[in-house]
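Observations on the three-dimensional arrangement
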Amino acid sequence: MEFSSSQFFIGFLLELVVLGGLWLQVSSFGSMSSMAASFGDKGNAFCGLKPDGSHTVTCNGSNSAIIHDTPAQFQFLGLTGGYGFLCGILMSSKQPYCWGRNGHIAEKLGVPQPMVKGAQYLEISAGDNHLCGLRKPLIWRKRERKNTSVVDCWGFNMTRTYVFDGMIQSISAGCGFNCGLFSQNRTAFCWGNHDANSLAILAVPCGERFRKLAAGGNHVCGILEGVNSRTVCWGRSLDVQMAKIASKHAGQGLGNVLLPPNDPMISIAGGRFHACGIKSNDLGVVCWGHTFGQGTPVPSGTKITDIVAGDYFNCANLAEKSDQILCWGVGFSSSLPKPAALPRKCNSNLCPPGSYEMKQHKDKGVCNSSDTHFCVPCSGACPYEMYQISPCNSTSDRICEYNCSACVSLQCFSICSPSPLSAPPTVRNKDERFWSLQVPVLVAEIVFAIFLVSILSTTAVLYVRYKLRDCQCSATRSSKVKKHIIVSSSLQKENSKIRPEIRKAKKFNYEELERATSGFKEENIVGKGSFSCVFKGVLKDGTVVAVKRAIRSQKSSNELHTELDLLSRLNHAHLLSLLGYCEEGGEIILVYEFMAHGSLHQHLHGQNKELKQQLDWVKRVTIAVQAARGIEYLHGYACPPVIHRDIKSSNILIDEEHNARVADFGLSLLGPADSSTPLAELPAGTLGYLDPEYYRLHYLTTKSDVYSFGVLLLELLSGRKAIDMQYEEGNIVQWAKPLIKSGDIAAILDPVLKPPPDLAALKKVAIVACKSVRMRGRDRPSMDKITTTLEHSLARLMGSPCIEQPILPTEVVLGSSRLHMKSSQRSSNRSEIDVGENEDQRYEFRAPSWITFPSVTSSQRIKSSSSEAEVDVKNNNNNSNVGSGGDVLKSLEEEIGPASPQERLFLQHNF
Ligand SMILES: Nc1ncnc2c1ncn2[C@@H]1O[C@H](COP(=O)(O)OP(=O)(O)OP(=O)(O)O)[C@@H](O)[C@H]1O
């Protein structure tokens with residue numbers, strides 16, 4: 001029998017859609033399922049809900065504590081397993097109940113403590129040494145905050161309640177971190193201990209929509225939404241580097257490291273250094289990540305329906321052979337039952353509404369006996385671009401078809417546009433009718449699109465021409481104009497330097513760097529930070545580099561790891577470039593481009609007064625523009641946006657050509673791009689530059705960087721340090737703000753320089769600085785507006801008559817995977833100093849991380865501490881260290897005023 005290509009495509013698609021719609025219970029390292037595996041040095045165990053519908057649990061395996069403590073009398077809704085323990089949600093109370101042994105959760109398990117009275121859970125998920133539960137929302141309380149989800153966690157470094165904005169559909173736990181899937185937009189987010197999981201937490205694919213997540217060791221895999229159901233993974237444990245560690249742990253020889261396959265998947269489960277999934281086209285199993293040389297091989301040609309992961313092994317429920325559990329990998333005990341009396345979902349009852357019987361072939365069920373049925377839940381609504389042509393019934397899932405008039409994806413177009421010529425007559429007639437209707441619609445749409453694009457581009461061209469005509473500089477203004485042109489072209493040159501591709505950091509070996517820095521000689525030190533020493537070095541090929549080596553501590557290496565993770569993703573002419581890194585013997589060393597002229601701090605406040613004088617007004621404002629551009633890129637163009645958290649003059653470095661580069665990303669944070677909630681982070685940064693709102697309310701937004709940048713502008717204008725106790729008013733903001741507000745700009749200008757002929761240019765800078773250090777973040781301008789204002793000031797300072805045109809074109813930010821539209825570009829009216837009133841603030845949400853690294857250094861830098869109490873103590877110390885600096889912060893708090901009820905709620909929920 002012949003099929004037309006369109007029939008074939010649609011048949012294939014329907015198969016994908018139907019199979020893709022299967023929503024079988026899956027379990028990863030820790031997700032909840034009807035079965036679960038536990039692993040660890042006390043042996044492995046495998047438990048499952050009995051297939052008789054009693055919801056009671058049965059366990060087998062070599063972990064005697066789990067076997068002995070199995071609560072056979074309790075009924076459970078689902079199970080999850082971790083290192084030496086298993087947990088289930090009790091049917092009666094909907095609370096977790098755990099058994100086995102794990103010193104981090106509790107010596108003697110049971111209901112994990114502390115437990116909120118009456119809390120009920122929808123799902124639980126076990127990592128290796130922790131358990132998290134997604135709380136059932138309390139809808140009966142009228143005043144309950146809407147659209148929030150609560151996750152309670154217990155165990156190593158995790159015991160606390162996390163509140164998230166947005167409804168979470170499911171959670172999955174890995175080693176020391178967790179991930180969640182928002183139900184509304186299906187985006188993923190992860191939180192937890194950053195030590196080994198910074199990549200898993202920070203590198204969540206931006207804007208991707210997932211059907212399912214499965215966290216493993218230090219990685220996460222997710223099945224993408226859409227007909228392809230492709231799997232993507234991120235994190236650390238699936239890479240080659242980690243393979244060596246994996247082999248050591250599992251006592252195995254080094255196997256292969258495989259990439260996730262492209263096959264569509266219906267479920268996945270993550271192990272410590274690997275992940276496995278069930279392919280939707282044949283229910284076969286496929287594994288990737290680190291595969292071991294020895295151990296039971298991954299089954300081939302076997303259909304499976306459920307899958308769970310231990311650390312180095314997986315177990316699955318066979319689709320065809322009833323009552324059999326199949327395990328593979330290494331480390332599971334031979335005493336694990338194969339077959340085990342575990343979940344086989346073949347029921348004698350017909351499938352209830354909301355589910356349908358899964359078939360192996362058209363007429364043959366999955367179960368051995370034709371009297372029993374294997375039921376799976378119906379899939380959700382049809383995907384976008386599709387409509388339902390038949391509903392879900394007891395024998396088949398809902399069937400969806402592409403709506404050819406609403407195609408946006410290539411897949412849809414390819415399905416909708418095959419040639420109808422090879423079809424049999426009836427099909428051809430149908431297709432002809434279809435095309436006779438569709439073609440005019442498509443043609444009309446294309447014509448309309450072309451018309452729209454040409455109107456828009458013509459308008460844009462006319463607008464640009466009009467603007468340029470206004471700024472035509474006549475020959476009579478030659479000297480000033482020349483200057484302007486020279487500046488413009490030099491800045492154009494600068495733009496061309498922007499690296500359009502994100503470079504991969506090179507891996508150096510220790511000897512290479514040791515040689516480059518003459519054995520990390522003291523004379524080669526060019527700077528010292530709180531956590532690191534920076535050496536000048538020369539590589540074998542003659543490249544001069546800066547080598548940053550952590551002062552040995554876990555915290556410093558955390559910082560360098562954050563910096564490595566971030567800088568490998570960022571690329572901009574005004575961000576310090578990372579050339580490579582070296583990670584050996586537990587130490588991490590970063591290699592950067594060498595900045596020949598050191599830091600802005602050294603120029604402004606160093607011993608050499610000449611350096612300060614050389615930094616004339618044009619150079620200072622140019623540095624301000626360039627630094628603003630770097631930060632603007634972080635906020636508006638990096639995806640997800642980056643909050644630097646430590647903008648200050650010692651982190652603005654100056655290269656050979658006197659261009660400014662923003663450096664030191666050790667404290668920086670990423671956040672999801674589409675969230676509208678502030679990060680809840682304990683304060684970190686440098687005293688004097690620290691946003692009082694962030695300090696006071698722990699609200700972290702991109703506007704916190706704006707505050708620090710405002711302080712930096714005041715520093716550039718006045719030549720004073722952010723906090724300088726040799727003056728009566730030691731805090732630069734407290735000193736400069738009233739003077740600027742009173743219009744006395746000259747009073748704040750650096751006395752080592754003569755005021756410029758056109759003071760108005762610096763007035764603009766002072767005003768924007770003043771706005772940037774407003775108490776409330778939402779009242780501060782965004783970085784793109786600041787950049788625009790600074791560009792205008794620079795143009796004016798250089799005598800350009802074209803002050804409406806920024807000297808530096810604004811479209812210089814390249815290299816991010818996605819571009820965000822600048823708010824200033826959205827605004828049609830860009831007044832030169834009309835910055836920041838009532839504009840939208842970019843808030844980022846992030847789970848409150850557990851807090852790390854307290855430190856006060858000579859540069860008065862404070863970092864989040866391991867406990868709030870510690871933070872207070874440290875801050876008090878800081879305050880006493882800096883004398884009235886502490887009072888300054890106190891008075892800033894007072895200026896912000898008491899927390900509103902909403903803010904208080906935010907704090908209560910997050911800290
Ligand atoms: N790429 C570089 N080229 C030249 N000098 C550099 C480079 N990177 C850093 N330095 C110098 O080393 C100093 C220390 O840098 P680092 O980023 O470690 O700390 P910091 O920002 O000054 O202090 P902290 O870590 O306390 O914030 C800088 O102030 C600068 O003078």
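Nothing here was measured: the structure is a model prediction, and the numbers come from that model. (Residues numbered from 1 in each chain as written. Predicted model: local features only at pLDDT ≥ 70, side-chain atom pairs only at ≥ 80, totals over all residues. Heavy atoms only, no water.)

Here we take up the sheet that holds strand β15 (residues 219-224). The strand order across the open sheet built from 3 strands is β14-β15-β16, with neighbouring strands paired in antiparallel fashion. The open sheet has two edge strands, β14 (210-215) and β16 (231-235), and neither has a second partner. Averaged over all adjacent pairs, the angle separating strand axes in this sheet is 20°, with direction ignored. In terms of strand pairing, β15 meets β16 through 5 bridges, oriented antiparallel. From the neighbouring strand, His219 faces β16, where its bridge partner is Gly235. Sheet strands in contact with helix α3 (residues 194-202) are β15 and β16, and its direction is about 145° off that of β16. (Pairing = 2+ DSSP bridges. Helix = DSSP H or I, 4+ residues; strand = E, 2+ residues; numbered from the N terminus. Axes fitted to C-alpha atoms, helices over the stretch in contact; angles between N-to-C directions. Contact = heavy atoms within 4.5 Å.)

Turning next to the packing of aromatic side chains. How two aromatic rings sit relative to each other is given by the distance of their centres and the angle of their planes. The tally for this structure, following the rule as stated, stands at 15 aromatic pairs. Note on Tyr162 and Trp191: the rings are 5.5 Å apart at their centroids and 55° apart in plane angle, and the pair reads as tilted. On the criterion of sequence distance, the pair formed by Tyr162 in strand β10 (residues 160-165) and Trp191 in strand β13 (residues 188-192) is long-range, its members being 29 residues apart. The residues Tyr162 and Trp191 share a single accessibility class, namely buried. Between Phe273 and Tyr312, the aromatic rings sit 6.2 Å apart at their centres with planes inclined by 10°, giving stacked as the arrangement. Of the two residues, Phe273 is situated in the loop between β18 (265-270) and β19 (274-279) and Tyr312 in the loop between β21 (304-309) and β22 (313-318); the sequence distance between them amounts to 39 residues. Across the pair, exposure class does not vary: Phe273 and Tyr312 are buried alike. (Phe/Tyr/Trp six-rings, centres within 6.5 Å; stacked < 30°, edge-to-face > 60°. Buried < 20%, exposed > 50% of the residue type's maximum accessible area, 1.4 Å probe, protein only.)

Under the defined criterion, the tally for this structure stands at 17 salt bridges. A salt bridge links Arg780 to Asp691, with the shortest nitrogen-to-oxygen separation between them at 2.6 Å. Of this pair, Arg780 sits in the loop between α16 (759-772) and α17 (783-797) while Asp691 sits in the loop between β40 (685-686) and α13 (692-697); the two residues are 89 residues apart in sequence, bridging distant segments of the chain. Residue Asp691 is classed as buried on the basis of its relative accessible area of 1%. A network of salt bridges, in which partner residues are shared, links Arg186, Arg209 and Glu225. (Salt bridge = Lys/Arg side-chain N within 4 Å of Asp/Glu carboxyl O.)

Okay, the sheet that holds strand β4 (residues 76-81) next. Strand order across the open sheet formed by 3 strands is β4-β5-β6, with antiparallel pairing between neighbours. Across the chains shown, the open sheet's two edge strands, defined by having one partner strand only, are β4 and β6 (96-100). Across the sheet, the mean angle separating the axes of adjacent strands is 25° when strand polarity is ignored. For strand β5 (residues 85-90) and β6, the ladder comprises 5 bridges, and the chain directions are antiparallel. Residue pairing for β6: Phe85 is matched across the bridge by Gly100.

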